Amino acid sequence: MAVENMTESTTTGELRPVEEQSFVTWAKANLFSPWYNAVLTVIGVVLILFLLKGTIPFLLGAQWAAVTTNIQIMLVGQYPTDEIWRVGVGVAPMPFIAGTAWGVWGSMMRTFSVILIVAAVLTVISSLFGDSMTPGFVLWFAVSPFLILLGYAVGRRDFIGPRHVLIGWFLFLLLTLFFLRGFGEDSAMPYVPTARWGGLLVTILIAQVGIAVVLPIGIIMALARQSNLWFFKIAAMAYIEVLRATPLLALLFLMLIVSPMFLPDVTTPDRLMLAFIAIVLNNSAYMAENIRGGLQSVSKGQIEAAQALGMRGSHVTMVVVLPQAIRATIPAIVGQFIILFKDTAVIALVGLMDLLGAAYAIILGQDAWRTADPEVFLFVAAVYWIFTYGMSSVSTGVEKRMRAGAD
Amino acid sequence: MSAQSVENEVMIQTTDVEKWFGSLHVLRGISVTIKKGEVVVIFGPSGSGKSTFIRTLNRLEEHHRGEIVVDGTVLDNDVRAIETVRSEIGMVFQQFNLFPHKTVIDNVALAPKLVRKLSKDEAAKLAMSMLELVKIPEQAYKYPGQLSGGQQQRVAIARALAMQPKIMMFDEPTSALDPEMIAEVLDVMIDLARSGMTMIVVTHEMGFAREVADRLMMFDEGLIVEEGTPDEMFKNPQHDRTKEFLSRVL
């Protein structure tokens, strides 16, 4: 604002100084004329005061201890305290991979990484004002920015490309899951059932594994729907249309309550897995439709050019059509990832302990925090916002690159 | 093999080729014989079937009657035969149709890698030499969207040539270009014609036809109404439709 007032470009492109304005003249020009702007200004001021009237006393008296004393439940749910080191080690590759993605893709991933660093630093700083966080947690948040920067340094190297980041991410995810799940009772890492996983850990795991699974399923379904083979076409159409017509919540209840009735008695279905499947089914149907739109946007001339060169049908699809379709749909794909991330919150409604579920557990489970719901939910909202804002900044970056870039 | 017999080798033979788009009879019996090294220019009003005809030669369009034989291979529904023929016929389109997500050199190297199974290095080397042939090696690492129309069309020619085809087909290669870019594309095509390439060119660039064509064909309403050498066609056209059409484009 200040800079804009200093100079103003003229039609000839040169800069000329603008005469200094007092606040009163500025306000008169911008806030009070013509008359309807004056009305809007007054309404705006009243609304702001109205909001402050509630907010300021709340902020002054806020019981942030509801969040800080329960930070462990918020982060990892009921994961056994003795085994929490496994979460720290298992999840440590995530900031590292985020950093390599920043190094490889550059500006597109910068905001996301910076947000993660800032969030980690703020967490460490806030831990100084109370002793509710165990040293282990503080250590993890203190180390993670360095892991991001280390990843960045690795990602900058020439021999590390997008392919390595994606493969690395996938392998690390599997490793993380193994680490969290553990092995036999007597091993160094005893089995921890998913019923005890929770908090932000579960939210992030479901979102990441979901993203890794939903995109391939979406691509396969979109291609199958365009196939000339009637079986694939019908199967894909049924998959997409049935799942898109089912509300996620209904699907979730169906999976958790109805599906165990059809499973053999010997298996105890993993509730978290069933909830995960519901989220994947729902989101992959939408993903398929996004990608189908992209497939249709590739011109017939592209296909003909590839065919005229003698390429096989599979090459035409995989090398020429699909990459262009995905490029054209990246904003929609990232949008779907954001939706998936937020969708993970519905599992709280079937009693699972994701971030939102942990919040419910804190408020409803402990008398001390029954009135602290605004603080707890504000914190939860802020955490969701950090990640969704990070993801949408990636989307904006991709769009910018595509506009400036080759195509 | 004597030079004479090489000259007479038949590359493309079509017999009474017919095609319909729904009820529209677009090709009404086209019979042509094109020999190795021949440069054939096809012209005629829009909707006369000239583009459709050359697109049947590499099966971008299916013909419904008659026979098409390309370098000894009969074109029918056999996918193998179609892929063989396509890899022997290079095609250049009016709209270039370069792959926008790949660099210029990757555009050219892609089909040799996937179809001819060349190694990455061999394909890149081949691609570079093709770009030198069309005189834009310096654009190799740009994307198609960063090039002018004329440059893009020259890359498209290099891409087709990289498959080392026996025949090159051009479907109105200069129609989408600004006037000042037409010459750079035609120059490349003239060089190619002089190098002995068998070429079928749908174009209204009569200067090009006069300079390098061995034979001209005038298409109208799905038929070849007249054909002959440039001299015969320009100086002494027989058919009224040819006279009328040439008077407008010359």
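That block above? That's the structure.
K.L.:
It is not clear to me how the side chain of Asp354(A) should be interpreted in this structure. Could you clarify?
P.N.:
Residues and elements named next belong to chain A. Among the structural elements, Asp354 can be located in the loop between helix H16 (313–343) and helix H17 (355–365). Of the side chains bearing the opposite charge, Arg271 lies closest to the buried Asp354, which forms no salt bridge; the N-O distance is 11 Å. Ignoring any residue separated from it by four or fewer positions in sequence, one finds Asp354 in contact with Gly199, Val202, Thr203, Thr344, Ala345, Ile347, Ala348 and Tyr384.

K.L.:
Help me understand the side chain of Thr203(A), please; the structure alone is not making it clear to me.
P.N.:
Residues and elements named next belong to chain A. Here Thr203 shows up in helix H11 (residues 199–226). Separated by 3.1 Å, the side chain of Thr203 and the backbone nitrogen of Leu355 make a polar contact. Those residues within four positions of Thr203 in sequence are excluded, and the remaining contacts are Phe341, Thr344, Asp354, Leu355 and Tyr384.

K.L.:
What should I look at first to understand the pattern of salt bridges in this one?
P.N.:
Side-chain pairs of opposite charge can arise whenever the charged atoms involved come near each other. Using the criterion set out here, one finds 24 salt bridges over all chains in the structure. One salt bridge connects Arg244(A) with Glu241(A), and the closest N-O pair in it is separated by 3.7 Å. Of this pair, Arg244(A) and Glu241(A) are both found in helix H12 (residues 230–244), 3 residues apart, which corresponds to roughly one turn of the helix. Looking at Glu241(A), the relative accessible area reads 32%, which means it is partly exposed. A salt bridge links Arg55(B) to Glu61(B); the shortest N-O distance between them is 3.1 Å. For the residue pair Arg55(B) and Glu61(B), the accessibility class agrees, reading buried in each case. Through salt bridges with shared partners, a single network forms among Arg225(A), Glu241(A), Arg244(A), Glu289(A) and Arg292(A).

K.L.:
Help me understand helix H8 (residues 107–127) of chain A, please; the structure alone is not making it clear to me.
P.N.:
In an α-helix, one turn spans 3.6 residues; hence positions three or four apart end up facing the same way. Helix length check: H8(A) (21 residues) gives 31 Å between terminal C-alpha atoms against 30 Å at 1.5 Å per residue, within 8%. For H8(A), the full list of buried residues reads Met108(A), Met109(A), Phe112(A), Ser113(A), Ile115(A), Leu116(A), Ile117(A), Ala120(A), Val124(A) and Ser127(A).

K.L.:
Whenever I open this one, the interface of chain B and chain A confuses me. Can you help?
P.N.:
Where interface size is quoted, it is often the accessible area lost as the parts come together. Tallying the contact residues gives 25 residues for chain B and 21 residues for chain A. Across the chain B/chain A interface, buried area totals approximately 1,900 Å², and carbon plus sulfur atoms make up 64% of it. Its largest share of buried area at the contact with chain A, chain B owes to Phe99(B), His101(B) and Leu114(B), together 29% of the area lost on that side. Put simply, chain B and chain A have 1 salt bridge between them. Arg55(B) is the salt-bridge partner of Glu304(A), the closest N and O atoms lying 2.5 Å from each other. Inspection of the region where chain B meets chain A yields 4 residue pairs in polar contact (both at pLDDT 80 or more). When residues of the side of chain B that touches chain A are traced back to their parent elements, those giving at least two are helix H3 (79–88), strand E6 (89–92), helix H4 (104–114) and helix H6 (149–161) of chain B. Of the residues in the side of chain B that touches chain A, the class split is 14 nonpolar, 5 polar and 6 charged.

The rules behind each value
- Residues numbered from 1 in each chain as written.
- Chains lettered and ligands numbered in written order.
- Predicted model: local features only at pLDDT ≥ 70, side-chain atom pairs only at ≥ 80, totals over all residues.
- Heavy atoms only, no water.
- Helix = DSSP H or I, 4+ residues; strand = E, 2+ residues; numbered from the N terminus.
- Buried < 20%, exposed > 50% of the residue type's maximum accessible area, 1.4 Å probe, protein only.
- Lys, Arg positive; Asp, Glu negative; His and termini not counted.
- Salt bridge = Lys/Arg side-chain N within 4 Å of Asp/Glu carboxyl O.
- Contact = heavy atoms within 4.5 Å.
- Polar contact = N/O pair within 3.5 Å; in protein donor to acceptor, adjacent residues only side chain to side chain.
- Expected span 1.5 Å × (residues − 1).
- Buried area = accessible area lost by both parts, 1.4 Å probe.
- Nonpolar A, V, L, I, M, F, W, Y, C, P; charged D, E, K, R; others polar.

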